[in-house]
Amino acid sequence: QVQLVESGGGLVQPGGSLRLSCAASGFTFNTYAINWYRQAPGKERELVASITSLGGSKNYADSVKGRFTISRDNAKNTAYLQMNSLRPEDTAVYYCNVVFRYKDYWGQGTQVTVSS
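Residues numbered from 1 in each chain as written. Predicted model: local features only at pLDDT ≥ 70, side-chain atom pairs only at ≥ 80, totals over all residues. Heavy atoms only, no water.

Participant: Can you tell me about unusual backbone geometry, naming the residues and giving the values?
Facilitator: Here Ser85, not a glycine, exhibits a phi torsion of approximately 50°, which is positive. In this structure, Ser85 sits in the loop between β8 (78-83) and β9 (92-100). Classification of Ser85 by relative accessible area gives partly exposed; the value is 39%. Phi is positive for Arg101, close to 50°, though the residue is something other than glycine. Here Arg101 shows up in the loop between β9 and β10 (103-106). (Helix = DSSP H or I, 4+ residues; strand = E, 2+ residues; numbered from the N terminus. Buried < 20%, exposed > 50% of the residue type's maximum accessible area, 1.4 Å probe, protein only.)

This is the structure in structure tokens:
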């Protein structure tokens, strides 16, 4: 079965950096796009970044452009989200997502808190 496991979240000061990882299993990783979403308290889940199956195309929400970088290592079945210049408004639970056979699959999420 499809499994996505996020890691790498934590507490960081404004201006700091974190790298999130998403370890995937249960599907042919290198044939599917991967998405990162986030959900802040009281807000809807929003798409942060996407990467195509071979990494040739990446897209970002306007709010994170120039600060976040999505990448993947298909040999390791893992996707990453490098987050730099973090702001308090980036505080949220971050989720990895794949649409496999027309169904959304999600990881359990990893908490990112940006605070001094």
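Participant: Account for the sheet that holds β8, with residues named and values stated.
Facilitator: The antiparallel open sheet is built from four strands, whose spatial order is β1-β3-β8-β7. Single-partner strands in this sheet number two, and they are β1 (3-7) and β7 (68-73). Put simply, the sheet's adjacent strands are angled 15° from each other on average, direction ignored. Strand direction decides the pairing type here: β7 and β8, joined by six bridges, are antiparallel. Residue Phe68 lies in a different strand from β8, and its bridge partner there is Met83. (Pairing = 2+ DSSP bridges. Axes fitted to C-alpha atoms, helices over the stretch in contact; angles between N-to-C directions.)

Participant: Let's hear about the pattern of salt bridges: which residues, and what values?
Facilitator: Going through the model one piece at a time under the given rule, you end up with four salt bridges. With a closest N to O distance of 3.2 Å, Lys65 and Asp62 form a salt bridge. We note that Lys65, like Asp62, is exposed. Each of the salt bridges in this network shares a partner with another, and the network as a whole consists of Arg38, Glu46, Arg67 and Asp90. (Salt bridge = Lys/Arg side-chain N within 4 Å of Asp/Glu carboxyl O.)

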